[in-house]
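One letter stands for each residue in the lines below.
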Amino acid sequence: AVNECNSDTKIPNYESDEAEDDEDGPMIVSEEDVKASLARSAGVTMRETNLSEEDKIDRQSYPLIFAAMTPQEDILMTCARVLDEATDVSLVREAAAYLEDVESKR
């Protein structure tokens, strides 16, 4: 149910029975969901073990960049995406610092 203030703004009605279904308490998770999660985690672990020695050093120096990496990205693609999106100041600073560090080693 939605209350309307004017023609452009809609305010949800939180007094309905749906508000009683909050997810603050414990949750039962199916075994299939647990296995799927473990399989996804194993994929990340495999990617981490395939890092070069230089990437392992970079991972210690630039943890936010490596945390932001998706499975299909390398570190430079991640830096480009982070700088393009510019949603997290700390991540943008770390990406810029990484790229400056790589450029200085050339």
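Right above here is the structure, for reference.
The structure presented is a predicted model; accordingly, all values stated were derived computationally and were not measured.

**Student:** Give a description of the overall build of the chain that names residues and reports values.
**Tutor:** Helix and strand counts for the chain come out as five helices and two strands. When the helices and strands of the chain are listed from N to C terminus, the series reads β-β-α-α-α-α-α. Within the chain, the fraction of its 106 residues that count as buried is 15%. The contacts in the chain between residues at least 6 apart in sequence include a share of 24% that link residues at least 24 apart. For the chain, the accessible area works out to roughly 8700 Å², and carbon and sulfur atoms hold 51% of it.

**Student:** Outline the pattern of salt bridges, supporting the account with residue identities and numerical values.
**Tutor:** A full pass over the atoms with the stated rule returns three salt bridges. Between Arg81 and Glu73 there is a salt bridge; the shortest N-O distance is 2.7 Å. According to the relative accessible area criterion, Arg81 is partly exposed, its value standing at 23%. Glu85 is the partner of Arg81 in a salt bridge, and the nearest nitrogen-oxygen pair spans 3.5 Å. With a gap of four residues between them, Arg81 and Glu85 both fall in helix α4 (residues 75-85), about one helical turn apart.

**Student:** Account for the packing of aromatic side chains, naming residues and giving values.
**Tutor:** For any pair of aromatic rings, the description consists of the separation of the ring centres together with the inter-plane angle of the planes. Scanning all chains against the criterion turns up one aromatic pair. A centroid spacing of 5.2 Å and a plane angle of 85° characterise the contact between Tyr62 and Tyr98, whose relative ring orientation is edge-to-face. Of this pair, Tyr62 sits in the loop between α2 (53-61) and α3 (63-68) while Tyr98 sits in helix α5 (residues 89-104), placing them 36 residues apart in sequence. Note on Tyr62: relative accessible area 11%, which makes it buried. Classification of Tyr98 by relative accessible area gives buried; the value is 5%.

Calculation rules
Residues numbered from 1 in each chain as written. Predicted model: local features only at pLDDT ≥ 70, side-chain atom pairs only at ≥ 80, totals over all residues. Heavy atoms only, no water. Helix = DSSP H or I, 4+ residues; strand = E, 2+ residues; numbered from the N terminus. Buried < 20%, exposed > 50% of the residue type's maximum accessible area, 1.4 Å probe, protein only. Contact = heavy atoms within 4.5 Å. Areas by Shrake-Rupley, 256 points an atom, 1.4 Å probe, with all protein chains shown as cover. Salt bridge = Lys/Arg side-chain N within 4 Å of Asp/Glu carboxyl O. Phe/Tyr/Trp six-rings, centres within 6.5 Å; stacked < 30°, edge-to-face > 60°.

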